[in-house]
Amino acid sequence: MLKIEGISKTFHPGTVNEKTALKDLSLHLKEGDFATIVGSNGAGKSTLFNAITGAFIVDEGQIFLDGEDITFKREHLRSVDIGHLFQDPLMGTAPHMSIEENMALAYLRAHGKKRAMFSRITKEEKKLFREQLSRLDMGLEDRMKNPVGLLSGGQRQALTLLMATMVTPKILLLDEHTAALDPATAEKVLELTKQIVKERKITCLMVTHNMHQALELGNRTLMMDSGRIILDISGEEREHLTVDDLLMQFKEHVGEGLDNDRILLSK
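Here we summarise the structure given alongside this text. (Residues numbered from 1 in each chain as written. Predicted model: local features only at pLDDT ≥ 70, side-chain atom pairs only at ≥ 80, totals over all residues. Heavy atoms only, no water.)

Looking at the overall build of the protein
Then step 1. When you go through the protein residue by residue, the secondary structure sums to 10 helices and 10 strands.
Then step 2. Relative to a compact globule of 267 residues, whose C-alpha radius of gyration would be 18 Å, the protein shows 19 Å and is just as compact.
Then step 3. On the principal axes, the C-alpha backbone points of the protein span a range of 60 × 40 × 35 Å.
Then step 4. Per-residue burial for the protein yields a buried fraction of 49% across its 267 residues.
Then step 5. Sequence separation of 24 or more characterises 66% of the internal contacts of the protein that already satisfy a separation of 6 or more.
Then step 6. Accessible surface, the protein as shown: approximately 13,300 Å² in total, 48% of it carbon and sulfur.
Then step 7. Taken as two groups, the 34 positive and 39 negative side-chain charges of the protein have centres that lie 8 Å from each other. (Helix = DSSP H or I, 4+ residues; strand = E, 2+ residues; numbered from the N terminus. Rg over C-alpha atoms; globule rule 2.2 N^0.38 Å. Buried < 20%, exposed > 50% of the residue type's maximum accessible area, 1.4 Å probe, protein only. Contact = heavy atoms within 4.5 Å. Areas by Shrake-Rupley, 256 points an atom, 1.4 Å probe, with all protein chains shown as cover. Lys, Arg positive; Asp, Glu negative; His and termini not counted. Charge placed at Lys NZ, Arg CZ, Asp CG, Glu CD.)

Structure (structure tokens):
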């Protein structure tokens with residue numbers, strides 16, 4: 001489903017702020033793969049997601065999604081096939097629009113409507129939105145006319161997850177999407193994520209700072225450092241791996257211990 005071949009990206013080349021964020025990175029994901037990603041601060045995890053979504057064009061390499069070369073495809077065109085959740089729950093929704101309007105916009109854009117903002121939804125689609133919201137068990141199905149800006153961070157993140165998956169995306173990118181939520185809400189959003197990904201068989205990449213999640217969720221664990229994937233573990237090897245084993249493998253590959261305090265505290 002996703003094929004990345006030798007991509008590299010350097011920001012501010014030739015200046016004192018030059019930063020190589022991705023370096024000859026390759027990754028192949030089969031349809032239905034669910035890979036978790038961990039890594040040190042500045043390892044390139046979010047940059048990898050931005051390369052996939054088209055936030056910038058890579059300097060070298062190619063990116064294929066479902067057999068299509070999207071290397072130079074514009075970001076808004078890629079968004080039709082790519083679901084993307086950020087750590088900040090405020091980034092995925094329009095606060096001054098109602099819950100219904102936010103869902104309608106996401107739904108119509110995912111169906112490839114060029115003028116989604118000016119299109120209308122049917123009674124059947126409104127019913128679908130209500131059914132989807134009821135899954136959250138947050139009472140949002142009775143608040144569809146309310147502005148999204150009135151919702152809590154957890155409610156907005158759960159809504160964003162629904163919006164990103166109402167029409168099954170070819171790939172779902174989760175960039176620490178529960179990290180900014182309180183523990184109870186984070187657990188609820190994570191459980192919903194697992195249900196939706198499993199039901200729809202969505203190909204998924206998830207950045208997490210929680211090492212236990214990195215080994216328990218999905219079927220692959222990737223570790224990044226300095227813009228490269230230094231470890232790709234799946235199958236029986238992954239099943240028998242502990243958090244300490246994973247940290248030790250990082251040290252063996254990089255030559256030093258992992259410096260992400262949030263990851264170390266999650267042990």
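Some points on the packing of helix H3 (residues 99-110) against helix H4 (residues 123-134)
Then step 1. Direction vectors running N to C along H3 and H4 enclose 110°, while the axes themselves pass 11 Å from each other. Comparing their axes, H4 and H3 come out roughly perpendicular. On the side of H3, the interface is formed by Ile99, Glu100, Met103, Ala104 and Tyr107, while H4 contributes Glu125, Lys126, Leu128, Phe129, Gln132 and Leu133.
Then step 2. Among the residues making up the contact of H3 with H4, the classes are represented as seven nonpolar, one polar and three charged. (Axes fitted to C-alpha atoms, helices over the stretch in contact; angles between N-to-C directions. Parallel < 35°, antiparallel > 145°, perpendicular 65-115°, else oblique. Nonpolar A, V, L, I, M, F, W, Y, C, P; charged D, E, K, R; others polar.)

A word on the environment of Gly139
Then step 1. Structurally, Gly139 can be placed in the loop between H4 and helix H5 (153-165).
Then step 2. Sequence separation between Gly139 and Gln155 is 16 residues, and the spatial gap between their C-alpha atoms is 9.8 Å.

Points about the sheet that holds strand S10 (residues 228-234)
Then step 1. Spatial strand order, S6-S7-S8-S3-S9-S10: six strands in an open sheet with mixed pairing. The two strands at the open ends of the sheet, each matched to only one other strand, are strand S6 (82-85) and S10. On average, adjacent strands in this sheet sit at an angle of 15° to one another, irrespective of strand direction.
Then step 2. In this sheet, strand S7 (residues 171-175) lies alongside S6 in parallel orientation, the contact comprising four bridges. Directly across from Leu85, in S7, lies its bridge partner Leu174.
Then step 3. The strands touched by H5 within the sheet are S6 and S7, with S6 carrying the most contacts at an inclination of about 170°. (Pairing = 2+ DSSP bridges.)

Thoughts on the nonpolar core
Then step 1. Counting residues in hydrophobic clusters, the biggest one holds 37 residues, and the most contacted among them are Ile99, Met103, Phe129, Leu133, Leu136, Leu159 and Leu172.
Then step 2. Looking at this core, the elements with two or more residues in it are H3, H4, H5, S7, helix H6 (183-200) and strand S8 (204-207).
Then step 3. Beyond its immediate sequence surroundings of up to four residues, Phe129 is in contact with Glu100, Met103, Ala104, Tyr107, Ile121, Met144 and Met166. (Core = buried A, V, L, I, M, F, W, Y, C linked by side-chain atoms within 4.5 Å.)

Considerations on the sheet that holds strand S5 (residues 68-69)
Then step 1. If you walk across this open sheet you meet the four strands as S2-S1-S4-S5, and the pairing is antiparallel. Of all strands in the sheet, those bounded by a partner on one side alone are strand S2 (19-29) and S5.
Then step 2. As judged from the seven bridges shared by strand S1 (residues 2-11) and S2, these two strands associate in the antiparallel manner. Bridge pairing in S2 places Phe11 opposite Lys19.

Brief notes about the pattern of salt bridges
Then step 1. The full count for this structure, using the stated rule, is 10 salt bridges.
Then step 2. In this structure, Glu68 and Lys73 form a salt bridge, with 3.2 Å as the shortest nitrogen-oxygen distance.
Then step 3. Note that Lys194 and Glu191 form a salt bridge whose closest N and O atoms lie 2.9 Å from each other. With Lys194 and Glu191 both in helix H6, this residue pair falls three residues apart, about one helical turn.
Then step 4. Assessed through its relative accessible area of 33%, Lys194 is described here as partly exposed.
Then step 5. Three or more residues are tied together by salt bridges with common partners; here these are Asp33, Arg220 and Asp232. (Salt bridge = Lys/Arg side-chain N within 4 Å of Asp/Glu carboxyl O.)

Considering the side chain of Ser98
Then step 1. Tracing the sequence through the fold places Ser98 in the loop between S6 and H3.
Then step 2. Those residues in contact with Ser98 that lie beyond four places of it in its chain are Met144, Lys145, Asn146, Pro147 and Val148.

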